[in-house]
Amino acid sequence: MTDDPLQTLRDARDAARRGAHAEALEKYLWFHHHALEHRPSLTGMRLSYAISEWVELGSAYPPAREALESIQNNNLRLLKEGSCEHRRFHDFASINRYLGRSELTTTMFAELAEHQPEFARACFRVALTALIQTRSFALAHRFVTSPNEQLDTHLSQFARALNTRRRTIHDDALIGVFATRLRQLLSIFEEVGENEEANVLQRKAIEALTDPQDQEEVRRQLLWR
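Reference entry: report on the structure contained in this document.

Definitions and cut-offs
Residues numbered from 1 in each chain as written. Predicted model: local features only at pLDDT ≥ 70, side-chain atom pairs only at ≥ 80, totals over all residues. Heavy atoms only, no water. Helix = DSSP H or I, 4+ residues; strand = E, 2+ residues; numbered from the N terminus. Buried < 20%, exposed > 50% of the residue type's maximum accessible area, 1.4 Å probe, protein only. Contact = heavy atoms within 4.5 Å. Areas by Shrake-Rupley, 256 points an atom, 1.4 Å probe, with all protein chains shown as cover. Axes fitted to C-alpha atoms, helices over the stretch in contact; angles between N-to-C directions. Parallel < 35°, antiparallel > 145°, perpendicular 65-115°, else oblique. Nonpolar A, V, L, I, M, F, W, Y, C, P; charged D, E, K, R; others polar. Core = buried A, V, L, I, M, F, W, Y, C linked by side-chain atoms within 4.5 Å. Polar contact = N/O pair within 3.5 Å; in protein donor to acceptor, adjacent residues only side chain to side chain. Expected span 1.5 Å × (residues − 1). Arc of directions from axis to C-beta. Left-handed = near helix turned anticlockwise from the far one by under 90°. Salt bridge = Lys/Arg side-chain N within 4 Å of Asp/Glu carboxyl O.

### Focus on the overall build of the protein
Reasoning step 1: Tallying secondary structure elements over the protein gives 13 helices and zero strands in all.
Reasoning step 2: For the protein, the α and β elements follow one another from N to C terminus as α-α-α-α-α-α-α-α-α-α-α-α-α.
Reasoning step 3: For the C-alpha atoms alone, the extent of the protein along its principal axes is close to 55 × 45 × 30 Å.
Reasoning step 4: Looking at the protein as a whole, 46% of its 225 residues are labelled buried.
Reasoning step 5: At a minimum sequence separation of 6, the contacts of the protein that also span at least 24 residues come to 62%.
Reasoning step 6: Roughly 11,900 Å² of accessible area belongs to the protein as shown, and the carbon and sulfur atoms make up 48% of that amount.

### Digging into the packing of helix H4 (residues 49–60) against helix H5 (residues 62–80)
The axes of two packed helices give the description: the angle between them and the distance between them.
Reasoning step 1: The N-to-C vectors of H4 and H5 enclose an angle of 130°; their axes lie 5 Å apart at closest approach. Considered as vectors, H4 and H5 are oriented oblique to each other. Residues Ile51, Trp54, Val55, Leu57, Gly58 and Ala60 of H4 form the contact with H5, whose participating residues are Pro62, Ala64, Arg65, Ala67, Leu68 and Ile71.
Reasoning step 2: Among the residues making up the contact of H4 with H5, the classes are represented as ten nonpolar, one polar and one charged.

### Quick look at the nonpolar core
Reasoning step 1: Within the largest apolar cluster, 39 residues are counted, with the highest numbers of intra-cluster contacts made by Phe89, Phe109, Phe124 and Phe178.
Reasoning step 2: Breaking this core down by element, the ones donating at least two residues are helix H6 (86–99), helix H7 (102–115), helix H8 (117–133), helix H9 (137–141), helix H10 (153–164), helix H11 (171–191), helix H12 (195–207) and helix H13 (212–222).
Reasoning step 3: Discounting residues that sit within four places of it in the chain, Phe109 has contacts with Phe89, Ala120, Cys123, Phe124, Ala127, Leu131, Leu139 and Phe143.
Reasoning step 4: By size, the runner-up hydrophobic cluster in this structure holds 24 residues, among which are Leu6, Phe31, Ile51 and Ile71.

### A short note on the side chain of Gln184
Reasoning step 1: Residue position: Gln184 is located in helix H11.
Reasoning step 2: For Gln184, a relative accessible area of 16% gives the class buried.
Reasoning step 3: A polar side-chain atom of Gln184 sits 3.1 Å from a polar atom in the side chain of Thr129.
Reasoning step 4: Every residue in contact with Gln184, bar those within four places of it in the chain, is listed here: Leu128, Thr129 and Ile132.

### Overview of H7
Reasoning step 1: Taking 1.5 Å of rise per residue, 14 residues should cover 20 Å, and H7 covers 20 Å from first to last C-alpha, within 8% of that figure.
Reasoning step 2: Turning to H7, its buried residues number three or more, namely Ser102, Thr105, Thr106, Met108, Phe109, Leu112 and Ala113. Buried residues along H7 cover an arc of 165° about the axis, so they all sit on one side. Away from its buried face by more than 90 degrees, H7 exposes Glu114 and His115.
Reasoning step 3: Buried residues belonging to H7 abut H5, H6, H8 and H9.

### Some details on the packing of H11 against H13
Reasoning step 1: Their axes nearest at 9 Å, the elements H11 and H13 cross at an angle of 55°. In terms of their interaxial angle, H11 and H13 are classed as oblique. Every pair of crossing elements has a handedness; the one defined by H11 and H13 is right-handed. The segment H11 lies against H13, with Asp172, Ile175, Gly176, Phe178, Ala179, Leu182, Arg183 and Leu186 engaging Asp214, Glu217, Val218, Gln221 and Leu222.

### Quick word on the pattern of salt bridges
Reasoning step 1: Under the counting rule described, the total for this entry stands at 17 salt bridges.
Reasoning step 2: Taking the shortest distance from any N to any O, the salt bridge between Glu111 and Lys80 comes out at 2.7 Å. Of this pair, Glu111 sits in helix H7 while Lys80 sits in helix H5, and the two are 31 residues apart along the sequence.
Reasoning step 3: Judged by relative accessible area, which is 47%, Lys80 ranks as partly exposed.
Reasoning step 4: Here Glu207 and Arg203 are joined by a salt bridge, their closest N and O atoms 3.4 Å apart. Placement of the pair is Glu207 and Arg203 together in helix H12, with a separation of four residues, close to one helical turn.

Spelled out as structure tokens, the structure:
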């Protein structure tokens with residue numbers, strides 16, 4: 001097995017296409033467990049493309065699905081036993097996303113909110129999409145900051161990054177991520193009846209962007225919600 005995680009992922013895809021399912025599974029397992037040891041920057045790919053492809057492999061090769069389920073069962077057990085590893089919850093939530101099990105992420109997050117609220121707060125951004133999908137707005141509301149006090153920390157950091165970035169052809173995608181996060185937070189305030197807070201949040205988030213073109217693009221994307 002090569003120590004190059006990207007080559008291992010390419011080899012896994014090639015093996016899956018050739019129908020060498022056991023070989024593909026071996027490589028997806030290695031990538032999941034060892035990729036970050038060699039390239040920490042692969043966090044996003046490890047929990048998106050690789051998991052999506054692994055789930056697809058599981059449709060044709062049940063042992064691949066069973067291996068992923070085993071990883072999830074271990075993640076769930078350790079989280080219930082009190083593990084406070086952010087990466088473990090991130091793994092759990094991401095795999096649930098591709099398995100179509102947002103409700104399991106929400107249930108686990110609710111348990112953390114009850115018994116380990118500080119750890120739950122650290123995991124909130126990872127859990128947010130599942131909370132929205134399961135319409136757990138009251139639970140989510142416990143972990144958002146009123147925009148009358150301050151703008152959401154992640155939105156503020158993202159806005160600063162956008163304001164200082166070097167312009168590229170990927171700008172629309174970056175603005176799209178910002179707009180998606182804002183859209184999610186707006187839905188929380190709106191669904192619990194805090195429409196004025198939602199209005200304040202939208203205004204402050206857009207004003208945090210210094211480029212009028214960025215501001216207009218966010219407004220345009222929010223019209224789709």
